[in-house]
Amino acid sequence: MNLYDVLAHICTLAGLAAFCYRLPELTQRRTDPALWALAVYFLGSGFSFLIDLNWLRDHISGFFSYPNLTTIMAQSAVVILTAAQQVVLVHWSHPPEQAAIQARRRVVAFSVTLVALIAFFFLVEPYRTPPSAEGTLLSNMRDADYASYLLFYITICAVGQVGTVRLSFRYARMARRTWLRVGMWAVTVGASLILVYCAIRYTQTIGTQLGHDMSAWEPAYWLAGDLGSLSQLFGWTVPSWGPAVALWVGNYRSYLRLRPLWWALYEAVPTIALEPPRGKWLDRLPPYNLEYRLYRRVIEIFDGYLALRPHLSHAAARQGGPPDRVRRSPDDEARFLRAALEARAEETAATPPAFEPTPASPLAERRDDFAKEVEWLTEVATSFARISAPDRSAARK
């Protein structure tokens, strides 16, 4: 399997997966033209790559007794998906009444060009012995009539992608939601890559007609087209799954950053853990039900604070005075906890210092906001890990 086959399979799976992902939403929003157009785009994208896979195209061609039939089928799907993404962008960037009119005009225009493209294809009657999908167009463009047909098809694609660049760039600047804006920039990049794809094919076709060997350009052509399609699929889907992935990554990052503090408290007070850890190294891997595990990690750190209560006054004394003077920042809190753990290890709680017992941690002020708890604790844990690092280095020596 070569690079073309790999990219074609990835594009097929991505397009069809995106279509299946949108299907349940279609049943709930049956009157949303933008959503229907987006579903058509996903289906067209997956279908255009699927039917031209080298292992499948021969079966399709054999069934219809027309070896090149998958070429026009794939190209027709491309014209349809190009029109569909135009409809989506029009509805997203214009008022409903204006969007409906502009969308209708685009559908009519692309429908007319699609009929003309299909008629042109069967009129030209391309060669019927191409070895593979990636070699079909290159083999046929030596024929002047087919070269004209191909330039017509590429022009349709180029016009559609110019419109997509203009509309997606405009909407990317308008979008207020972060992930929608990211998606529109990705669509813009994808459309730009497909324009590069069109430019390469223009150059190949004209160069071939002038008698030059343009086969060296073929990998760049397929690469630009496939990466452009993947970029657009990413752009159209990322507003749906991007926030959830970002939340998971953020939770996992917090889970790992809390680990040094949690582990130190766990080693001192094993009873804080509802479940024993999987091991010091396995604990770094993403756990099942991450959100719940992060919540448990925060609660268990609180429990560790409570377990250290008999030693907090000694910790404050080591830090130079009453607690309200030594716990003003995450660095202060990390040093305070480190001192409390040392006091526990030395069992000095029996002789408390003269000033009053230590009040609750600054975390008490954040107990009503889990996000603030996590933010504060991760800063404390980062400082704690930094403070503890010299000791670990000394121990290894």
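Values in this document were obtained by computation on a predicted structure and should not be read as measured data. Every chain is numbered on its own, with residues counted from 1 as its sequence reads. Where totals are concerned, whole chains, interfaces and linings use all residues; where local detail is concerned, this predicted model gives features only for residues with pLDDT of at least 70, and gives and counts side-chain atom pairs only at 80 or more. With hydrogens and water set aside, each side-chain value is computed from the structure's full complement of heavy atoms.

Draft legend 1. Quick look at the packing of aromatic side chains. Pairs were defined over the aromatic rings of Phe, Tyr and Trp, the Trp ring being its six-membered one, requiring ring centres within 6.5 Å. Orientation was assigned from the angle between planes: stacked under 30 degrees, edge-to-face over 60, tilted for the rest. Here the structure, examined in full by the defined rule, presents 19 aromatic pairs. Ring geometry for tyrosine 221 and tryptophan 222: centres 4.8 Å apart, planes at 70 degrees, overall edge-to-face. Judged by its relative accessible area of 14%, tryptophan 222 is buried. Charge-over-ring contacts are defined here by two conditions on Lys NZ or Arg CZ: a distance within 6 Å of the ring centre and an angle within 35 degrees of the ring normal. The ring of tyrosine 221 carries arginine 201 above its face, with NZ or CZ at 3.5 Å from the centroid. Of note, arginine 259 hangs over the ring of tryptophan 263, and the distance from its end group to the ring centre comes to 5.3 Å. Throughout, exposure labels follow a simple rule: accessible area from a 1.4 Å probe, protein chains only, divided by the maximum for the residue type, with under 20% read as buried, over 50% as exposed, and the rest as partly exposed.

Draft legend 2. Molecular detail of the side chain of threonine 208. Under the DSSP-based scheme used, a helix requires at least four consecutive residues in state H or I and a strand at least two consecutive residues in state E, with every element numbered from the N terminus. Mapped onto the secondary structure, threonine 208 falls in helix H8 (residues 178–209). Reaching out from threonine 208, the side chain makes a polar contact with the backbone oxygen of glutamine 204 at a distance of 2.7 Å. By definition, residues are in contact when any of their heavy atoms lie within 4.5 Å. Not counting residues within four places of it along the chain, the set of residues in contact with threonine 208 comprises Met141, Arg142 and Met214. Polar contacts, as counted here, are pairs of nitrogen or oxygen atoms within 3.5 Å of one another; within protein the pair requires one atom able to donate a hydrogen and one able to accept it, and residues that are adjacent in sequence qualify only if both atoms are side-chain atoms.

Draft legend 3. Focus on the packing of H8 against helix H9 (residues 218–268). In contact at an axis separation of 7 Å, H8 and H9 are set at 170 degrees when each is read in the N-to-C sense. Considering the angle they form, H8 stands roughly antiparallel to H9. Basically, the charged four are Asp, Glu, Lys and Arg, the nonpolar ten are Ala, Val, Leu, Ile, Met, Phe, Trp, Tyr, Cys and Pro, and anything else, Gly included, counts as polar. Among the residues forming the contact of H8 with H9, the class breakdown is 24 nonpolar, 10 polar and two charged. Axis definition: a line fitted to C-alpha atoms, over the contacting stretch in the case of helices. Angles run 0 to 180 degrees between N-to-C directions. Angles below 35 degrees are treated as roughly parallel, those above 145 as roughly antiparallel, those between 65 and 115 as roughly perpendicular, and all remaining angles as oblique.

Draft legend 4. Representation of the confidence of the model for the chain within the structure. One number per residue, pLDDT, summarises how confident the predictor is, and it ranges from 0 to 100. Confidence along the chain averages 83 in pLDDT terms, with 84% of residues attaining 70 or more. In the model, residues 348–360 has pLDDT below 50 throughout and makes 30 contacts with residues more than four positions away in sequence or in other chains.

Draft legend 5. Broad picture of a nonpolar patch on the surface. Residues form patches when they are more than 30% accessible in relative terms and have no salt bridge. Like charges link within 9 Å. Nonpolar side chains (Val, Leu, Ile, Met, Phe, Trp, Tyr) link within 5 Å. Areas reported here follow the Shrake-Rupley algorithm with a probe of radius 1.4 Å; residue values treat only the protein chains shown as occluding. Whenever a carboxyl oxygen of Asp or Glu lies within 4 Å of a side-chain nitrogen of Lys or Arg, that contact is scored as a salt bridge. Taken together, the side chains of Val182, Phe234, Trp241, Val245, Trp248 and Val249 define a hydrophobic patch exposed on the protein surface, amounting to about 500 Å² of accessible area. When residues in the nonpolar patch are grouped by element, the largest group, five residues, is from H9. Tracing the backbone shows valine 182 in helix H8. Here valine 182 falls in the partly exposed class, since its relative accessible area comes to 33%.

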